[in-house]
Amino acid sequence: MLYFAELSGKRVVSADGSTIGRLTDFAFLATDQPLVTKLRVDTKVGHILVPVSSVAAIKDVVTLTSGYETVGISENELSVRIHLLDQQIIDIKGNKVVRVNDVVIQDKPYLVIAGVDVGILGIARWLKLEQWLNRQISRFGTSLRSDFLPWENIQPLELSRGKVKLKREEAKLTKLAPEDLADHLERLSVKNIGKILDLLPNEYEADVVQNLHVSRQRAFLRSIKPEHAAAILSKIDPDEAVDILLTLSEHRRALITPHITPEAKNQIDYLLSLATTDIGNLITTDFFTATPNETAQKVRHRIKTETTLDKPLTYVYVINEKKELIGVCNLHELLLTEGDAPIYKFMIQNVVAVYLTTPPEIALKKMVKYKIYSLPVINEKKQILGVVTIDDVVEEYQRIAN
Amino acid sequence: MYYFFYRWKRRLLIALALIGPGIITAVADNDAAGISSFSIAASTFGYQIMIILIPIMVLLAVTQEIGARIAIVAEKGLADLIRERYGVRLAIAMYLLLFLVNLAVVVMDVAGLKAALSLFGLNPTMFLPMIIAGLFAFVVFSNYTIVERFFFVLVLFYITYVASAFLAKPDWGQAVTSLVIPQGGITPRFFYVAIAIVGTTVTAWGQFFINSYVKDKRITLEHLRYNRIEIYLGALITVTLTFFTMVAVAATLFTHNIAIADAADAALAIAPFAGAFATVLFGVGLLFAGVLGCIVVALTTAYAFSEFFGYSGSLDESFRKSRLFYTTLLVQLSIGTIVAMLPGVSLFRITLIANFINGLILPVIFYFLYQFANNEAVMGRYTNTKFQNWMLAGSAVVIVLASLMGLVGQVVGW
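Computed from a prediction, not measured in an experiment: that's the story for all the values here.

Novice: Tell me about the overall build of chain B, residues and numbers included.
Specialist: Secondary structure summary: chain B contains 19 helices and zero strands in total. Against the compact-globule benchmark of 22 Å for 414 residues, chain B has a radius of gyration of 21 Å, which places it among compact chains. Over its C-alpha atoms, taken along the principal directions, chain B stretches across nearly 55 × 55 × 50 Å. For chain B, the proportion of its 414 residues judged to be buried stands at 57%. When contacts within chain B are restricted to residue pairs at least 6 apart in sequence, long-range pairs at least 24 apart make up 84% of them.

Have a look at this one:
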């Protein structure tokens, strides 16, 4: 989850590391799926617009791909700074609600505006006082939470008329905690994914699906035609494809597999043939969880007091009130993070996870591919059942090999 | 013939319905703090000080008209536009400055109210909190129209200054000629006092208030012309009232060479020359000026808060709906009252601070007025004329001079 207040003013560098300018604005589509399409970069000699396809990474600096393009603004595109930020939000009856203090941008699986921050932390972020404010408040034993209005509350058509108008009355608004926002949007985007895929270039299709949370991948593949599902599965990594296929019913699987392209089918069939044993007997239930609002400091303290060396701990899993797995954070990150940062701000949101149906081989491939030492095993409700560690999986693998 | 009357009747009704923001804002500029400045100035320089009244009137009329025009054309307040076009950081800085300067003015107005109460032998410790609490409750529970009528009642009480002026038996000929013909040379001290009067009349809160208040009244574009006339009328009325206040003091205290420190002093000091009734009139005027001033200025802060941060804020809304708006009003009134009631608080120092911040923030506000009023995206075809732009720039220069002179005057001890 990215905040415009933190992105605005970031240095933009080219692939070779030389500075191009500073990031000042985003262009986005005024639709139900407000995809971020372009970045505005202010250079020493005016400004340029760079399409998101030319962005390699957004970290401490924004890195562009080599040979990045510059483009013009097109119709139906609005500016975050002009049309959204600082604007007055009115409800459907025209009552003033609050102003847009910050804009929240989701970066996975694609850059999209997730919603707006209407809370005091949104203001504090512009003044670089967010951490300080959190620290002061936590002294009184409580914590400040950001107030988010998810995008689905906003009427996109009204934006181009210069109004941030809501779809309902103020009293009926649902404000979300930041840690649930990504999840909420993903749930929405499963519904709208058809529309998104229409908007995105075709090669992104596989990317989008691959980056969805596992439980959403399943929901999505069940919602579309088998031919379409097969087309997508053909494009994504065979390990992933098999893992997703295994979560579907045999009937559904049989409908999809004939449509997979021959090249992909060979690999997928091979991997499916391996899926004779499941992962259930490798699971350990010794894992460490935290809630999204816990601070790094508090989690570190809990690890110190609540865990012992005989049970290895490599990751902290973040679960929300519904016990759903919403993020993960490794110990190194936890050590490096400032003590007062809540864990939801620095956790990794798209967790690599496996199901009970996942064959150990695929789990191992995923571990190697993502360089992960243990994988969470989740059920259909996204709840964490246990973890499989790399040593257990390797042992099992050797046993089979022998 | 019938048609002729019908047309004029209609026009008159529209004009009456639109009356309010211009007159109220302008007259509120003559709040308790203003009355004190006018009294001190008139007791020191007599009729000579009158020469600055017409320039002040023009300055007030022009700047207020621009603010009101922006509110009517853009349907947005000054604070709305600052936040939307300059971002949250500048919005917060402006709000904090405005909050401080308004708080200082509220303190001065409550202090004026307190002095007036003492003048009538009423114990301020008991009555002051009661009055302020009553005023707050009144504003919360009534709507825009009723609050506006209440403001008009307060404005009517300014007539007491006219009466005091007559009781003082002044030399009317000299008083009126002093308006246009300079009397005597201009000394640094004269300049300093004159500029202090500009600072109490053309204020930061005035610029925000006229704009928010016009917006809250929901005056439409077709009535822009009437609104302009009303604002000019307000400036005229205000300066006329200032004139009478100054006449009352000049004819008595200046003539007999009596120095005073504030308006309550002036009220007491005019008794030997204009009679005890004049003291009562002057005191009543001060009381109502204090009431009008503290409510209008605290309201300005509340309006600005709801505009800067986008919360619901209108006199027509209930406390439940505009909670933060009314809370801001309450906070300003409460702090103002507490500070004014603290023993040993130097009002003189607060006045200096207020004038200084006012001088600091006004040029910035004029800059914003200039930007917005000349922006076709905001104003369409209602952008500023060249004359209005020159007046704005001129005012900014005068105000900057005022705050610099204030500082220098403080150091040199004029």
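What follows picks up the thread again.
Novice: Lay out the overall build of chain A with the relevant residues and their values.
Specialist: In terms of regular secondary structure, chain A is built from 17 helices and 20 strands. Taking all 402 residues of chain A together, 53% fall into the buried category. Here the contacts in chain A between residues at least 6 apart in sequence split such that 59% fall between residues at least 24 apart.

Novice: Which residues make up the packing of aromatic side chains, and what values go with them?
Specialist: For the coordinates displayed, the defined rule picks out 36 aromatic pairs over all chains. Summarising the aromatic geometry, the rings of Y95 of chain B and F308 of chain B are spaced 6.1 Å apart at their centres and angled 75 degrees between planes, so their arrangement reads as edge-to-face. Taken together, the positions of Y95 of chain B in helix α5 (residues 78-119) and F308 of chain B in helix α15 (residues 276-309) put the pair 213 residues apart, joining distant regions of the chain. F308 of chain B matches Y95 of chain B in its accessibility class, with the two residues each being buried. For the ring pair F157 of chain B and F288 of chain B, a centre distance of 3.7 Å and an interplane angle of 5 degrees mean the geometry is stacked. Placement of F157 of chain B in the loop between α7 (144-156) and α8 (159-167) and of F288 of chain B in helix α15 is noted, with a sequence separation of 131 residues between them. Among the aromatic side chains, those forming a connected cluster through ring pairs are F138, Y144, F150, F151, W205, F209, Y213, Y303, F319, F325 and Y326 of chain B. Between R125 of chain A and the ring centre of Y3 of chain A, over which it is positioned, the NZ or CZ distance is 3.7 Å. The cationic tip of R225 of chain B hangs over the ring face of Y226 of chain B; the distance from NZ or CZ to the ring centre is 5.5 Å.

Novice: How would you sum up a positive patch on the surface? Please name residues and give values.
Specialist: All names here are of chain B. Together, R7, R10, R11 and R225 give the surface a local cluster of positive charge. Tallying contributions element by element places helix α1 (residues 2-18) first for the positive patch, with three residues. R11 sits in the partly exposed class, given a relative accessible area of 31%.

Novice: Run through the sheet that holds strand β16 (residues 315-319) of chain A, naming residues and quoting values.
Specialist: Residues and elements named next belong to chain A. Reading across the sheet, the three strands line up as β15-β16-β17 and stay open at both edges, with mixed pairing between neighbours. The two strands at the open ends of the sheet, each matched to only one other strand, are β15 (288-290) and β17 (325-330). Averaged over neighbouring strand pairs, the angle between their axes works out to 35 degrees when direction is ignored. Alignment of β15 against β16, held across three bridges, turns out to be parallel. When the sheet's bridge partners are listed, A290 is paired in β16 with V318. Against the sheet, helix α13 (residues 296-306) makes contact with β15 and β16, and its axis sits at roughly 150 degrees relative to β15, the strand it touches most.

Novice: Which residues make up the sheet that holds strand β12 (residues 112-117) of chain A, and what values go with them?
Specialist: With antiparallel pairing, the four strands of this open sheet are ordered in space as β1-β11-β12-β13 (chain A). The open sheet is flanked by β1 (2-3) and β13 (148-150) of chain A, the only strands paired with a single partner.

Novice: How would you sum up the nonpolar core? Please name residues and give values.
Specialist: Across soluble globular proteins, you tend to see nonpolar side chains buried next to one another. In terms of nonpolar packing, the biggest core is built from 180 residues, with I89 of chain A together with F151 and F308 of chain B touching the most fellow members. No other element matches the 23 residues that α5 of chain B contributes to this core. If near-sequence neighbours (up to four positions away) are discounted, F151 of chain B is found in contact with I24, Y213, L292, I295, V296 and L299 of chain B.

Novice: How would you sum up the confidence of the model for chain B? Please name residues and give values.
Specialist: Low pLDDT means the predicted coordinates in that region are not meant to be read closely. Residue and element names in this part refer to chain B. Looking at chain B as a whole, the pLDDT averages 85, with 97% of positions reaching at least 70. Mean pLDDT values for the elements of chain B range from 73 in α1 up to 92 in helix α16 (residues 323-341). This prediction of the complex comes with two scores: 0.80 for pTM and 0.79 for ipTM.

Novice: Please give an account of the interface of chain B and chain A that cites residues and values.
Specialist: Residue-level contacts link 16 residues of chain B with 13 residues of chain A. Buried surface at the junction of chain B and chain A, summed over both partners, amounts to about 1300 Å²; 45% is from carbon and sulfur atoms. Three residues, R83, E84 and R89 of chain B, lead the burial of chain B against chain A; their summed loss comes to 37% of the area buried on that side. Summed over the shared surface of chain B and chain A, the result is three salt bridges. D80 of chain B is paired through a salt bridge with R99 of chain A; the nearest N and O atoms lie 2.4 Å apart. Linking chain B to chain A there are 12 residue pairs in polar contact (both at pLDDT 80 or more). Looking at the side of chain B that touches chain A, the elements that each hand over two or more residues are α5 and α15 of chain B. If you tally residues by element for the side of chain B that touches chain A, the top one is α5 of chain B, at seven residues. For the side of chain B that touches chain A, the class distribution of residues is five nonpolar, four polar and seven charged.

Novice: Which residues make up the environment of I348 of chain A, and what are the values?
Specialist: All names here are of chain A. Take I348: it is sitting in the loop between α15 (343-346) and β18 (354-355). Taking the C-alpha atoms as reference points, I348 and F4, 344 residues apart in sequence, are found 19 Å from one another. Here I348 is in contact with I326, G327, V328 and E333, once residues within four sequence places are set aside.

Novice: Please provide a residue-by-residue account of helix α4 (residues 130-139) of chain A, values included.
Specialist: Residues and elements named next belong to chain A. Within α4 the residues assigned to the buried category are E130, L133 and N134. Around the axis of α4, the buried residues are gathered within 100 degrees of arc, so they sit on the same side. Next to the buried residues of α4 lie α1 (4-7), α3 (120-126) and α15. Just downstream of α4, G141 is the residue with a positive phi angle, here 75 degrees.

Novice: Hey, could you go over the pairing of β17 of chain A for me, with residue numbers and the actual values?
Specialist: Residues and elements named next belong to chain A. The buried count for β17 comes to five of six residues, which makes it a mostly enclosed element. Here β16 pairs with β17 via five bridges, running antiparallel. Bridged to V318 within β17 is G327. Turn length for the β16-β17 hairpin, with the two strands adjacent in sequence and antiparallel, is five residues, and the turn residue K323 shows positive phi of about 65 degrees.

Novice: Please give an account of the side chain of T160 of chain B that cites residues and values.
Specialist: Residues and elements named next belong to chain B. Along the polypeptide, T160 turns up in helix α8. Given a relative accessible area of 7%, T160 falls into the buried group. At a separation of 3.4 Å, a polar atom in the side chain of T160 contacts the main-chain carbonyl oxygen of L281. Once residues lying within four places of it in the same chain are set aside, the contact partners of T160 are L281, V284 and G285.

Novice: Now, about the environment of Q183 of chain B: what can you tell me, with residues and values included?
Specialist: Residues and elements named next belong to chain B. Relative to the elements of secondary structure, Q183 occurs in the loop between α9 (172-180) and α10 (188-201). In the structure, Q183 is positioned 78 residues away from A261 in sequence and 24 Å away in space, judged by C-alpha atoms. Apart from residues no more than four positions distant in its own chain, Q183 is found in contact with Q48, Q174, T177 and S178.

Novice: Can you explain the pattern of salt bridges? Please cite residues and give values.
Specialist: It is possible for side chains of opposite charge to pair when their charged atoms get near one another. As enumerated under the stated definition, the model contains 21 salt bridges over all chains in all. Across the pair D42 of chain A and R40 of chain A runs a salt bridge, and its minimum N-O distance is 3.0 Å. Overall, the relative accessible area of 28% leaves D42 of chain A in the partly exposed class. Several salt bridges share partner residues, and in doing so they unite R99 of chain A together with K76, D80, E84, K215 and E307 of chain B into one network.

Each value, and the rule that gives it
- Counting restarts for each chain, with residues numbered from 1 along the sequence as it is written.
- Labels follow written order: the first chain is A, the first ligand is 1, and so on.
- Where local features are concerned, this predicted model is filtered to residues with pLDDT of at least 70; where side-chain atom pairs are given and counted, the filter is 80 or more; whole-chain, interface and lining totals use all residues.
- Each side-chain value is derived from all of the structure's non-hydrogen atoms; neither hydrogens nor water enter the calculation.
- Strands here are runs of E lasting at least two residues and helices are runs of H or I lasting at least four, both read from the DSSP assignment and numbered beginning at the N terminus.
- Put simply, the radius of gyration uses C-alpha atoms, and a globule should come to 2.2 Å times the residue count raised to 0.38.
- We call a residue buried when its accessible area falls under 20% of the maximum for its residue type, exposed when it is over 50%, and partly exposed in between, using a 1.4 Å probe and counting protein chains only.
- In this description, contact between two residues means that some pair of their heavy atoms is separated by no more than 4.5 Å.
- Classification of ring pairs uses Phe, Tyr and Trp, with its six-membered ring standing for Trp, and accepts pairs whose centres are within 6.5 Å; under 30 degrees between planes counts as stacked, over 60 as edge-to-face, and the remaining range as tilted.
- Remark: a charge is flagged as sitting over a ring if the NZ atom of Lys or the CZ atom of Arg is within 6 Å of the ring centre and within 35 degrees of the ring normal.
- What goes into a patch is any residue over 30% in relative accessible area without a salt bridge, connected to like charges within 9 Å or, for nonpolar side chains (Val, Leu, Ile, Met, Phe, Trp, Tyr), within 5 Å.
- What sets the accessible areas is the Shrake-Rupley method with a 1.4 Å probe; for residues, cover comes only from the shown protein chains.
- The term salt bridge refers to a side-chain nitrogen of Lys or Arg lying within 4 Å of a carboxyl oxygen of Asp or Glu.
- Here the positive residues are Lys and Arg and the negative ones are Asp and Glu; neither His nor the chain ends is included.
- Throughout, a charge is located at the NZ atom of Lys, the CZ atom of Arg, the CG atom of Asp or the CD atom of Glu.
- A pair of strands is labelled paired if DSSP reports no fewer than 2 bridges between them.
- Only the stretch in contact is used when a helix axis is fitted, and all axes are lines through C-alpha atoms; the angle between N-to-C directions ranges over 0 to 180 degrees.
- We call a set of buried residues a nonpolar core when its members are Ala, Val, Leu, Ile, Met, Phe, Trp, Tyr or Cys and they connect through side-chain atoms within 4.5 Å of each other.
- A score from 0 to 100, pLDDT tells how confident the predictor is in each residue.
- Note: buried area is the sum, over both parts, of the accessible area (probe 1.4 Å) each one loses when the two are combined.
- Here a polar contact is recorded for every N or O atom pair within 3.5 Å, except that within protein the pair must consist of a potential hydrogen donor and a potential acceptor, and residues adjacent in sequence are included only if both atoms are side-chain atoms.
- Throughout, the ten residues Ala, Val, Leu, Ile, Met, Phe, Trp, Tyr, Cys and Pro are labelled nonpolar, Asp, Glu, Lys and Arg are labelled charged, and all others, Gly among them, are labelled polar.
- Each C-beta atom gives one direction from the helix axis, and the arc is the one those directions make.

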